[in-house]
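Read off the chains here:
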2 protein chains.
Amino acid sequence: MTQVRATNIVWHEGHVGRDQREALLNQKGALIWLTGLPSSGKSTVAFTVEHALVERGRLAYVLDGDNIRHGLNKNLGFSAEDRAENIRRIGEVGKLFADAGFITMSSFISPYREDRDEVRALMDEGDFFEVFIDTPLAICEKRDPKGLYKKARSGEISNFTGISDPYEIPENPELIIKTAECTPQEAALQIIELLEVRDKISAVPE
Amino acid sequence: MTQVRATNIVWHEGHVGRDQREALLNQKGALIWLTGLPSSGKSTVAFTVEHALVERGRLAYVLDGDNIRHGLNKNLGFSAEDRAENIRRIGEVGKLFADAGFITMSSFISPYREDRDEVRALMDEGDFFEVFIDTPLAICEKRDPKGLYKKARSGEISNFTGISDPYEIPENPELIIKTAECTPQEAALQIIELLEVRDKISAVPE
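Bear in mind that the values here come from a model prediction, so they are computed numbers and not experimental data.

Draft legend 1. Quick peek at helix H5 (residues 80-99) of chain A. Taking 1.5 Å of rise per residue, 20 residues should cover 28 Å, and H5(A) covers 29 Å from first to last C-alpha, within 8% of that figure. Immediately beyond the C-terminal end of H5(A), within one or two residues, lies A:Gly101, with a positive phi of roughly 105°.

What follows is the structure, encoded as structure tokens:
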């Protein structure tokens, strides 16, 4: 039995090509890098895109604090060096996921331009989409679902992006989403349409 | 146009469930951890399984020195501490890939039992398959495609697993593959059949 079934298996010396997985998945790998202030809406936009894509039969995955900070990056703190290494590792994992054929979204504040540009530089041409979730500080601070802005204002938390630490606005992002001026659905759709225009997924009539 | 198409998009606050991706992919995520001496045949077995699965329409991905050592783990050396961190990070990436629904294979010597057991411990129950590529040292040393054993014997390379550094044999691996006693095709098939038996992929008649 083993010998009969084994006849179809050919001995290989190297990786399956990315194009073969992409043909199988009917999509092309990408890393959508969401950046913005705390409470700007990054994760909710990411999750909504993820659900919408999976409902269309496309494969998507979100990298965020939940699955990265408590896993791969649990041995990193919040020093400048560790923050840079945090972003670098996320970028490298995003590169692996894109190579695997996934539409990957990362949802991290990633306040420093240099760190984001380094991720862009390590990705293959056309795989990296920097999306600036451009929500005014006043709105983020009003949302404040975890009470972090309040703690930052009172000095209970130091080095808080937007209050006591800088956020460096992206200079040439692939997309800017102003969550104060559009519905959540429209925000998600902007990313999906970008993926269609850039030929990462085919446009699906609804 | 945007508003019309957006009506099908529902606002979400959390990750897509692993089961939804697995239903889409018609497979279940897993991490096949190949361990064994240098030149024991780990990567070639991994690549052969990867190709065979993708040809069957299943999604597989190999983590190895090519895509890990020059990327995510390029800032690690070969000290005991760095070797442990190397394996830990690969385990965490394998966990993300399994969560994403991939049949993931890792191909690293991973000589220390403690490091491998730590990866097993961080994975979800039933997701981790330790596969011992059990090739006698004499055969590995005879193959020696990169001339590394020769350099280790002459002292040109120090801390070489199997020669000047220990390899700790797995005590309870899910599978032992003796490459000296089977064809490459049979080796690959043993892993594929393990995945079928453990309900990670459905058996496909050939």
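Draft legend 2. Quick peek at the relation of the copies chain A and chain B. When chain A is brought onto chain B, the operation consists of a screw motion whose angular component is 180° and whose axial shift is 0.0 Å, with 0.0 Å RMSD remaining. These values place the two chain copies in the arrangement generated by a two-fold rotation axis. For chain A, the smallest separation between a C-alpha atom and the rotation axis is recorded for A:Val93, amounting to 3.6 Å. Taken together, the interface assignments show that 100% of the residues at the interface of chain A recur at the interface of chain B, consistent with an identical surface on both copies.

Draft legend 3. Focus on the interface of chain A and chain B. Facing the 42 residues of chain A at the interface are 42 residues of chain B. Of all the secondary-structure elements, those providing two or more residues to the side of chain A that touches chain B are helix H1 (2-6), helix H2 (18-25), helix H3 (42-55), strand S2 (60-64), helix H4 (65-72), H5 and helix H9 (184-197) of chain A. Counting residues per element, the side of chain A that touches chain B draws most heavily on H3(A), at seven residues.

Draft legend 4. Here's a closer look at unusual backbone geometry. For A:Asn26, which is not a glycine, the phi torsion comes out positive at approximately 55°. Relative to the helices and strands, A:Asn26 resides in the loop between H2 and strand S1 (30-35). Judged by local crowding, A:Asn26 falls into the exposed class, with 12 C-beta atoms found within 10 Å. If you check the backbone angles, B:Asp144 has positive phi at about 30° while not being a glycine. Looking at the element boundaries, B:Asp144 is found in the loop between helix H7 (137-143) and helix H8 (148-153). In this structure B:Asp144 comes out as partly exposed when scored by C-beta crowding, with 16 C-beta atoms within 10 Å.

Draft legend 5. View of the pairing of S1(A). Residue and element names in this part refer to chain A. In terms of burial, S1 is largely enclosed, as six of its six residues are buried. Neither face of S1 is open: one carries Ala30, Ile32 and Leu34, the other Leu31, Trp33 and Thr35, and all of them are buried. Here S1 runs beside strand S3 (residues 103-107); their pairing, made up of five bridges, is parallel. Bridging across to S3, Trp33 finds its partner in Ser106.

Draft legend 6. Quick peek at the packing of H5(A) against helix H6 (residues 113-122) of chain A. Residues and elements named next belong to chain A. Remark: H5 packs on H6, axes separated minimally by 9 Å, with the N-to-C direction vectors making an angle of 25°. Judged by the inter-axis angle, H5 sits roughly parallel to H6. The two elements H5 and H6 meet at a crossing, and its hand is right-handed. Between H5 and H6, the contacting residues are Ala84, Ile87, Arg88, Gly91, Glu92 and Lys95 on the first element and Asp115, Glu118, Val119 and Leu122 on the second.

Draft legend 7. Spotlight on the sheet that holds S1(A). Residues and elements named next belong to chain A. The five strands lie next to each other as S2-S3-S1-S4-S5, forming an open sheet whose pairing is parallel. Lying at the two open borders of the sheet, with one neighbouring strand each, are S2 and strand S5 (175-177). The sheet shows a mean angle of 20° between the axes of neighbouring strands, taken without regard to direction. The pairing of S1 with strand S4 (residues 128-133) spans five bridges and is parallel. Looking across to S4, one finds that Thr35 is bridged to Phe132. Across the sheet, H3 touches S1, S2, S3, S4 and S5, and the angle it forms with S2 is around 160°. Most of the contacts of H5 go to S3, to which it runs at about 165°, and overall it touches S1, S2 and S3.

So, how was this worked out
Residues numbered from 1 in each chain as written. Chains lettered and ligands numbered in written order. Predicted model: local features only at pLDDT ≥ 70, side-chain atom pairs only at ≥ 80, totals over all residues. Helix = DSSP H or I, 4+ residues; strand = E, 2+ residues; numbered from the N terminus. Expected span 1.5 Å × (residues − 1). Least-squares fit on C-alpha atoms with pLDDT ≥ 70 in both. Contact = placed C-beta atoms within 7 Å. Buried ≥ 20, exposed ≤ 12 C-beta atoms within 10 Å, placed from the backbone. Pairing = 2+ DSSP bridges. Axes fitted to C-alpha atoms, helices over the stretch in contact; angles between N-to-C directions. Parallel < 35°, antiparallel > 145°, perpendicular 65-115°, else oblique. Left-handed = near helix turned anticlockwise from the far one by under 90°.

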